[in-house]
Amino acid sequence: MNDTTPVRGGRPAMHPASVLLRKILVLNDTVEYRMRVHLKTNETDFQAMQHLLQSGPMTPSDLAAELHLTTAAVTSVIDRLVQAGHVRRQPHPSDRRRIVIEPTESSVREAMAQLMPMILATDSLVRGMDDAGQLAVTTYLKGVVESMQERIDAMASATEETTT
């Protein structure tokens, strides 16, 4: 199963696991699109929601940094999300001059209602494997995460070098 025989254009033949991973990445884009349609948000607003759901309440400047936007631009994102009922502005817990943005309970419930069937189904698949199978899946996915993070970091470094 370790076939690396060159095919079209001199590229190596991909392992079936790599082909499936690529399909997962494409399907993830489709899931995100469907979630944006369901939540009635645009891509940037949805990305903001994802950061808030993953990291919890954030200041507008922290959210701007995560989205690679200016604080002025993220203010528009927050305004749209507040108007849609997806987030709310709350006083900062330790600095009364600042605010944090947090997702509303109803928006979290709505998102989870859409995603939990898929999450539970995939969790059930891996839990149904023996220990060796679970370890193999976990090892592979950990390697994918590390590889992706290394590539992101390398691209970010290259971009920073060309812009300075």
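Residues numbered from 1 in each chain as written. Predicted model: local features only at pLDDT ≥ 70, side-chain atom pairs only at ≥ 80, totals over all residues. Heavy atoms only, no water.

Chemist: Mind showing me how you'd approach the layout of surface pockets here?
Modeler: It is the rolling of a water-molecule-sized probe over the atoms that shows where space remains empty. In this structure, the largest pocket occupies an estimated 1600 Å³ of space. In terms of lining residues, the largest pocket is bounded by 39 residues, among which Leu21, Ile24, Leu25, Asn28 and Met118 are the most central. Mapped onto the lining of the largest pocket, the elements with two or more residues apiece are α1 (16-39), α2 (43-55), α5 (105-127) and α6 (131-163). In terms of residue count, the dominant contributor to the lining of the largest pocket is α1 (14 residues). (1 Å grid on protein atoms, 1.4 Å probe; cavity = no way out; pocket = protein on both sides within 12 Å on 5 of 7 lines; lining within 4 Å. Points joined across faces, edges and corners; volume = space filled by probe spheres on them. Helix = DSSP H or I, 4+ residues; strand = E, 2+ residues; numbered from the N terminus.)

Chemist: Sorry, what's going on with the packing of α1 against α2 here?
Modeler: Between two packed helices, both the angle of their axes relative to each other and the distance between the axes serve to describe the pair. Axis separation between α1 and α2 bottoms out at 10 Å; the angle between their running directions is 100°. When the axis of α1 is compared with that of α2, the two are roughly perpendicular. On the side of α1, the interface is formed by Glu32, Met35, Arg36 and Leu39, while α2 contributes Glu43, Phe46, Gln47 and Gln50. Its residues assigned to classes, the contact of α1 with α2 shows 3 nonpolar, 2 polar and 3 charged. (Axes fitted to C-alpha atoms, helices over the stretch in contact; angles between N-to-C directions. Parallel < 35°, antiparallel > 145°, perpendicular 65-115°, else oblique. Contact = heavy atoms within 4.5 Å. Nonpolar A, V, L, I, M, F, W, Y, C, P; charged D, E, K, R; others polar.)

Chemist: What am I meant to see in unusual backbone geometry here?
Modeler: Residues other than glycine predominantly adopt negative phi, and peptide bonds predominantly adopt the trans conformation. Its identity is not glycine, yet lysine 40 carries a phi of approximately 60°, on the positive side. What makes lysine 40 exposed here is its relative accessible area of 72%. With a phi close to 60°, histidine 68 is a non-glycine residue in the positive phi region. By the element assignment, histidine 68 lies in the loop between α3 (60-67) and α4 (71-83). (Buried < 20%, exposed > 50% of the residue type's maximum accessible area, 1.4 Å probe, protein only.)

Chemist: Just to check I follow, could you spell out the pattern of salt bridges for this structure?
Modeler: Where charged atoms from two side chains of opposite charge approach closely, those side chains can pair. Considering all chains together, one arrives at 6 salt bridges under this definition. For aspartate 79, the salt bridge goes to arginine 89, with nearest N and O atoms at 2.4 Å. Taken as a pair, aspartate 79 in helix α4 and arginine 89 in strand β3 (residues 87-91) lie far apart in primary sequence, 10 residues in all. Residue classification places arginine 89 among the partly exposed residues on the basis of a relative accessible area of 35%. When the shortest N-O distance is used, the salt bridge between arginine 88 and glutamate 102 registers 2.8 Å. Here glutamate 102 lies in strand β4 (residues 99-103) and arginine 88 lies in strand β3, a separation of 14 residues in the sequence. On the accessibility criterion, arginine 88 (24% relative accessible area) is partly exposed. What makes glutamate 102 buried here is its relative accessible area of 18%. Through salt bridges that share partners, Arg88, Glu102 and Glu105 make up one connected network. (Salt bridge = Lys/Arg side-chain N within 4 Å of Asp/Glu carboxyl O.)

Note that every value here comes from positions in space, so none of it alone points to a role or purpose.
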